[in-house]
Amino acid sequence: MDISDIASAASGASSPSVNPEALAVLQALRDELDGIDWRLMETLRQRLDCCCRIGLHKRDHAIPMMQPQRIGLVQQRAAEFAVNHGIRSDFLRSLYALIIEETCRLELEVINAPAGASRG
């Protein structure tokens, strides 16, 4: 089931009029969620920035870009976090697979850039 399936199923339900207090609580919860989303995206931006600095360090010290043991460690840590916090392991593994894919792309871009070039 993807997000469009969920939206279709939800739109078919009839909804009685909702009281203003319930709507106010819903808005407060959505505002909280928006703040969490912002922090999540900012943290992801910081992570990617750190990975670019790692790429520069690897380039400057002739360290290979691909570090399979590190990828395995990150994936294992995500799986353990999922289990310990009631999150589906396959969800967190999939999310980290995307993050790692982007990290590798950025590191490769940095490593292959001419010296003095900046990511922009």
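In what follows, the accompanying structure is described. Just so you know, these numbers come straight off a predicted model, no measurement behind them. (Residues numbered from 1 in each chain as written. Predicted model: local features only at pLDDT ≥ 70, side-chain atom pairs only at ≥ 80, totals over all residues. Heavy atoms only, no water.)

1. With respect to unusual backbone geometry
If a residue is not glycine, its phi is most likely negative; likewise, a peptide bond is most likely trans. The backbone phi angle of Ala 62 is positive, close to 50°, even though this residue is not glycine. Note on placement: Ala 62 falls in the loop between α2 (20-60) and α3 (68-84). Judged by its relative accessible area of 70%, Ala 62 falls in the exposed class. (Helix = DSSP H or I, 4+ residues; strand = E, 2+ residues; numbered from the N terminus. Buried < 20%, exposed > 50% of the residue type's maximum accessible area, 1.4 Å probe, protein only.)

2. Some thoughts on the layout of surface pockets
The gaps of empty space that remain are located by a probe, the size of a water molecule, rolled over the atoms. What the largest pocket holds in volume is close to 420 Å³. Around the largest pocket, the lining comprises 15 residues; the ones closest to its centre are Leu 40, Leu 92, Leu 95, Tyr 96 and Ile 99. Elements with a minimum of two residues in the lining of the largest pocket: α2, α3 and α4 (89-112). For the lining of the largest pocket, the residue count by class is 12 nonpolar, 1 polar and 2 charged. Lining the second largest pocket are 15 residues, and of these Arg 47, Cys 51, Arg 70, Thr 103 and Glu 107 lie nearest its centre. Elements supplying a minimum of two residues to the lining of the second largest pocket: α2, α3 and α4. Examining the composition of the lining of the second largest pocket, we find that 5 residues originate from one element, α2, more than from any other. Grouping the amino acids of the lining of the second largest pocket by side-chain chemistry returns 9 nonpolar, 2 polar and 4 charged. (1 Å grid on protein atoms, 1.4 Å probe; cavity = no way out; pocket = protein on both sides within 12 Å on 5 of 7 lines; lining within 4 Å. Points joined across faces, edges and corners; volume = space filled by probe spheres on them. Nonpolar A, V, L, I, M, F, W, Y, C, P; charged D, E, K, R; others polar.)

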